[in-house]
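Examining the three-dimensional arrangement
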Amino acid sequence: FERHGGTGLLRHDAPLPDDSIDPDAAKVVRRLERAGYQAYLVGGCVRDLLLQGKPKDFDVATNARPEDVRALFRNCRVIGRRFRLAHVLFSGGKVIEVATFRRNPGASLSEDDAAEVDDLLIRSDNVFGEAHEDALRRDFTINGLFYDLDRRQVLDWCGGMEDIGNRAIRTIGDPYVRFREDPVRSLRAIKFAARLDLGIDPVVYDAMVATRDDLAKAARPRIFEEILRLMRGGAAHRSMWLLWEVGAMAVLVPELAAFLDDEEGTGGGAARFWRRLDAIDTLTRERGAPLDDIVLWTALLHEPLAEACTGERDVIRAAYDFLEPIIARIAMPRRIADALRRILSMLPRLSSGRVGRLARTEFLELAL
Ligand code: ATP
Ligand code: MG
């Protein structure tokens, strides 16, 4: 047990197998260390390795500034204007993201003060900091772990190792504060719970329910993207079920939440909806890759959309009226909304087996 800036640091021996660690990420860490900087593997990759999963990508955190990183690697770009990051490029299009330690700009507020401030929404978080500050600005304890390749140790300032052991999702710090700072974290909690089969700590769960209305304040493109991530990870059914249960679906896609509220248990539309998500999850796992975004949105919205169109004389108009508020609320690109309308209009002919001249339209495969 060591002390670091008043924050408890626990070092856990955790010799991860060498072949589980991306060799290029290891190269980046070693070169930064040889140049005298601190460098660790961080975030999702450490979490996934400790949970015996396969990381999507490997991120590095360091006390080197983006320009310092660029000076060390020829194959390096500094990207982003507000959050400047270094991308080190390797063959096959692989990118290792190297981020300089940052701290939460609101961290100087005590929790009592924070409760007084009405608007905790973080708008800029590009303040450089130290390793422990970088760990503590992260969202969940399981995402706040750093891996020291040299010593084969996990650095834990937030109790993440214990939560990995308990398979529990807990925020770093007060969940009400953390969800109000960034409501999208609530969707991330759902994503990790569903995808990694973890439990959400009851206090955290209650905070998600209590702060769900804040989701209306979040940046709309982030919401759009995060809903897709919930659908892409092979756990769409569990994700959407949690989203509905927490009450976040009623804020983000009330059209779908109301449909499920009405239909649940009738064995009709809601049952078809959940079965469709099961099929999406099965396909995603078989392919080892997510389905097209258009397919995912169709799976989400087809049932309530079809309901809104039944009995309407002008179906295209009805579909348009149904989708318009969704487009506005979650910044759904026109391209996706248009495709949804096209696919909806094709479905009657597809289900009766009369593909005919549809064979030539670009959406046939997606519709199927
Ligand atoms: P995935 O496997 O889905 O990529 P991830 O944990 O790597 O999961 P990213 O979105 O890639 O998620 O983010 C990388 C890391 O950055 C996270 O592990 C977390 O530590 C931190 N992070 C991401 N989003 C937030 C946020 N909204 N608030 C605080 N920390 C965040
Ligand atoms: Mg990641």
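Conventions adopted
- Residues numbered from 1 in each chain as written.
- Chains lettered and ligands numbered in written order.
- Predicted model: local features only at pLDDT ≥ 70, side-chain atom pairs only at ≥ 80, totals over all residues.
- Heavy atoms only, no water.
- Core = buried A, V, L, I, M, F, W, Y, C linked by side-chain atoms within 4.5 Å.
- Buried < 20%, exposed > 50% of the residue type's maximum accessible area, 1.4 Å probe, protein only.
- Contact = heavy atoms within 4.5 Å.
- Near = heavy atom within 4 Å.
- Polar contact = N/O pair within 3.5 Å; in protein donor to acceptor, adjacent residues only side chain to side chain.
- Helix = DSSP H or I, 4+ residues; strand = E, 2+ residues; numbered from the N terminus.
- Nonpolar A, V, L, I, M, F, W, Y, C, P; charged D, E, K, R; others polar.
- Expected span 1.5 Å × (residues − 1).
- Bend = angle between axes of the 7 residues up to and from the residue.
- Patch = residues over 30% accessible without salt bridge, like charges linked within 9 Å, V, L, I, M, F, W, Y side chains within 5 Å.
- Areas by Shrake-Rupley, 256 points an atom, 1.4 Å probe, with all protein chains shown as cover.
- Salt bridge = Lys/Arg side-chain N within 4 Å of Asp/Glu carboxyl O.
- Lys, Arg positive; Asp, Glu negative; His and termini not counted.
- Charge placed at Lys NZ, Arg CZ, Asp CG, Glu CD.
- Pairing = 2+ DSSP bridges.
- Phe/Tyr/Trp six-rings, centres within 6.5 Å; stacked < 30°, edge-to-face > 60°.

Some details on the nonpolar core
- Formed by 105 residues in total, the largest nonpolar core has its most connected members in L41, M240, W297 and M332.
- Residues within four places of W297 in sequence aside, it is in contact with F224, I227, L228, I330, M332, I336 and L340.
- Counting ten residues, the second largest nonpolar core, distinct from the first, contains L9, Y40, V42 and L155.

Observations concerning the site of ligand 1
- Inspection of the region around ligand 1 gives 15 residues, with R47, D182, R185, R188 and R195 positioned closest.
- Contacts to ligand 1 include K56, whose side-chain N or O atom sits 3.0 Å from an oxygen atom.
- For the shell around ligand 1, the elements supplying multiple residues, two or more each, are α2 (44–50) and α8 (184–196).
- When residues of the shell around ligand 1 are assigned to their parent elements, the largest contribution, five residues, is made by α8.
- Looking at side-chain class alone, the shell around ligand 1 contains one nonpolar, three polar and eleven charged residues.

What about helix α17 (residues 334–351)?
- Relative to the 26 Å expected for 18 residues at 1.5 Å per residue, α17 spans 26 Å between its end C-alpha atoms, a close match to the ideal helical length.
- Residue S345 marks the point of greatest curvature in α17, where the axis turns by about 30°; the proline P348 follows within four residues.
- Listing the buried residues of α17 in full gives I336, A337, A339, L340, R341, I343, L344, M346 and L350.
- Looking at the buried side of α17, the elements it contacts are α10 (220–232), α15 (293–309), α16 (315–330) and α18 (364–367).

Describing the side chain of R178
- Assignment of secondary structure puts R178 in helix α7 (residues 175–181).
- Since its relative accessible area comes to 5%, R178 is described here as buried.
- If near-sequence neighbours (up to four positions away) are discounted, R178 is found in contact with N104, L136, R137, R138, D139, T171, I172, G173 and R185.

Details of a negative patch on the surface
- A contiguous patch of negative charge on the surface is contributed by D261, D262, E264 and E307.
- Turning to its location among the elements, D261 is positioned in helix α13 (residues 254–263).

Thoughts on the pairing of strand β4 (residues 59–62)
- Judged from the four bridges that link them, strand β3 (residues 39–42) and β4 form a sheet pairing that is antiparallel. Along β4, the bridge assignment pairs L41 with V60.
- Where β4 and strand β7 (residues 95–100) come together, four bridges link them in parallel fashion. Looking at β7, one finds that T62 is bridged to T100.

Regarding the packing of aromatic side chains
- The tally for this structure, following the rule as stated, stands at nine aromatic pairs.
- Look at F273 and W274: their rings are 4.9 Å apart centre to centre, the planes differ by 75°, and that puts the pair in the edge-to-face class. Across the pair, exposure class does not vary: F273 and W274 are buried alike.
- Members of the aromatic cluster, joined through ring pairs, are Y40, F101, F146 and W157.

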